[in-house]
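Each chain is listed here by its residues.
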Amino acid sequence: DAKTTQPPSMDCAEGRAANLPCNHSTISGNEYVYWYRQIHSQGPQYIIHGLKNNETNEMASLIITEDRKSSTLILPHATLRDTAVYYCIVRVINTGNQFYFGTGTSLTVIP
Amino acid sequence: EAGVAQSPRYKIIEKRQSVAFWCNPISGHATLYWYQQILGQGPKLLIQFQNNGVVDDSQLPKDRFSAERLKGVDSTLKIQPAKLEDSAVYLCASSLAWSTGELFFGEGSRLTVL
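Residues numbered from 1 in each chain as written. Chains lettered and ligands numbered in written order. Predicted model: local features only at pLDDT ≥ 70, side-chain atom pairs only at ≥ 80, totals over all residues. Heavy atoms only, no water.

Undergrad: How should I be thinking about the interface of chain B and chain A in this particular structure?
TA: Note on interface size: it is often stated as the accessible area lost on association of the parts. Every contact between the two is made by 25 residues of chain B and, on the other side, 20 residues of chain A. Approximately 1600 Å² of surface area, both sides summed, lies buried where chain B meets chain A, with 48% of it carried by carbon and sulfur atoms. Summed over the shared surface of chain B and chain A, the number is zero salt bridges. Remark: the boundary between chain B and chain A carries four residue pairs in polar contact (both at pLDDT 80 or more). At three residues, the largest contribution of residues to the side of chain B that touches chain A is made by strand E4 (residues 31–37) of chain B. Its residues placed into classes, the side of chain B that touches chain A shows 10 nonpolar, 10 polar and five charged. (Contact = heavy atoms within 4.5 Å. Buried area = accessible area lost by both parts, 1.4 Å probe. Salt bridge = Lys/Arg side-chain N within 4 Å of Asp/Glu carboxyl O. Polar contact = N/O pair within 3.5 Å; in protein donor to acceptor, adjacent residues only side chain to side chain. Helix = DSSP H or I, 4+ residues; strand = E, 2+ residues; numbered from the N terminus. Nonpolar A, V, L, I, M, F, W, Y, C, P; charged D, E, K, R; others polar.)

This is how it looks when you write it as structure tokens:
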């Protein structure tokens, strides 16, 4: 079962930063936070992941709070192609690397 | 690098009929997953394979769903008999090993049960 809570939908103006929050208050010390996105009619696509430290790659930044109970995915300059459903996932590794998806946040980038 | 291949992309059947979906993971990927995604919901894990062994099938409705990965490479997911509520997209994903995090997903197979 999903261990994360996300707002169902968000809007963001094109060119502005999109900040997508996620709560994972029951996360264990060795569980990673992953972010995937799903563009309409496609399979989910990996974005970024982290354990404790903030992470950045060419797609996004991931900010994890010190207590690890929440995180924020940041798309620094949102484009229309970033319109998608974004899933925050806690990776469960004790029984073999399962990924349980919640309902995600539907992000709409507005021109 | 070729991605995860799935077929068919679309399938329409009547209830009580059977259907099979095929998945070929990325070459060298030991772990394979089948997910069910009902419209408006996130993907739900059905079964996870490590090579040709089942790691987790706790959410697979075993009275009607079956899956196999006999040679540890490609996999088949079967539904028999299908129900109306099985209408969904069936997503296959693979990862290099069970301990590595990134999953690579296929485009999915969309099933409509009439």
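Past the structure itself, the notes keep going.
Undergrad: Can you help me understand the packing of aromatic side chains in this one?
TA: Two measures describe an aromatic ring pair: the distance that separates the ring centres and the angle between the ring planes. Per the stated rule, a full pass over the model turns up 14 aromatic pairs over all chains. A centroid spacing of 5.2 Å and a plane angle of 80 degrees characterise the contact between A:Tyr87 and A:Phe101, whose relative ring orientation is edge-to-face. Separated by 14 residues along the polypeptide, A:Tyr87 in strand E8 (residues 84–92) and A:Phe101 in the loop between strand E9 (98–99) and strand E10 (105–110) bring together distant segments of the chain. Since its relative accessible area comes to 2%, A:Tyr87 is described here as buried. Here A:Phe101 falls in the buried class, since its relative accessible area comes to 8%. Three or more aromatic residues joined by ring pairs form one cluster here, namely A:Tyr32, A:Tyr34, A:Tyr36, A:Tyr46, A:Tyr87, A:Phe99, A:Phe101, B:Tyr33, B:Tyr35 and B:Phe105. (Phe/Tyr/Trp six-rings, centres within 6.5 Å; stacked < 30°, edge-to-face > 60°. Buried < 20%, exposed > 50% of the residue type's maximum accessible area, 1.4 Å probe, protein only.)

Undergrad: Looking at this structure, how should I read the pairing of strand E11 (residues 109–113) of chain B?
TA: Two faces, one strand: in a regular strand the side chains alternate between the faces of the sheet. Residues and elements named next belong to chain B. Residues Ser109, Leu111 and Val113 of E11 are buried on one face, while the alternating residues Arg110 and Thr112, pointing to the opposite face, are not. Where strand E2 (residues 10–13) lies against E11, four bridges are found, and the strand directions are parallel. Note on E11: the bridge partner recorded for Ile12 is Thr112. Pairing of strand E9 (residues 88–95) with E11, which is carried by three bridges, proceeds in the antiparallel orientation. Within the sheet, the bridge partner assigned to Tyr90 lies in E11 and is Ser109. (Pairing = 2+ DSSP bridges.)

Undergrad: Sorry, what's going on with the sheet that holds strand E2 (residues 18–23) of chain A here?
TA: Where strands meet in a sheet, backbone hydrogen bonds hold them as pairs that are either parallel or antiparallel. Strands sit in the order E2-E7-E6-E5 (chain A) across an open sheet of four strands; the sheet is antiparallel. In this open sheet, the two strands that pair with only one neighbour each are E2 and strand E5 (55–56) of chain A.

Undergrad: Which parts of the structure should I look at to understand the environment of A:Ile93?
TA: Mapping A:Ile93 onto the fold places it in the loop between E8 and E9. When the C-alpha atoms of A:Ile93 and A:Lys52 are compared, they prove to be 16 Å apart, with 41 residues separating the residues in sequence.

Undergrad: So what exactly am I meant to see when it comes to the pattern of salt bridges here?
TA: A pair can form between side chains of opposite charge whenever their charged atoms are brought close. Residue and element names in this part refer to chain A. Within the structure shown, the criterion is met by four salt bridges over all chains. Taking the shortest distance from any N to any O, the salt bridge between Glu31 and Lys3 comes out at 2.8 Å. Of this pair, Glu31 sits in the loop between E2 and strand E3 (32–38) while Lys3 sits in the segment before strand E1 (9–13), placing them 28 residues apart in sequence. In this structure Glu31 comes out as buried when scored by relative accessible area, which is 6%. A salt bridge links Arg37 to Asp82; its shortest N-O distance comes to 2.8 Å. Of this pair, Arg37 sits in strand E3 while Asp82 sits in the loop between strand E7 (70–75) and E8, and the two are 45 residues apart along the sequence. We note that Arg37, like Asp82, is buried.

Undergrad: Where do I start with the sheet that holds strand E7 (residues 65–68) of chain B in this structure?
TA: Residues and elements named next belong to chain B. With respect to topology, four strands assemble into an open sheet ordered E1-E3-E8-E7, the strand pairing being antiparallel. At either margin of the open sheet sits one strand with a lone partner, and together these are strand E1 (5–7) and E7. Each neighbouring strand pair of the sheet contributes to a mean axis angle of 15 degrees, computed without reference to strand direction. Inspection of the sheet shows E1 paired to strand E3 (residues 19–24) by three bridges, in the antiparallel sense. Bridged to Ser7 within E3 is Trp22. (Axes fitted to C-alpha atoms, helices over the stretch in contact; angles between N-to-C directions.)

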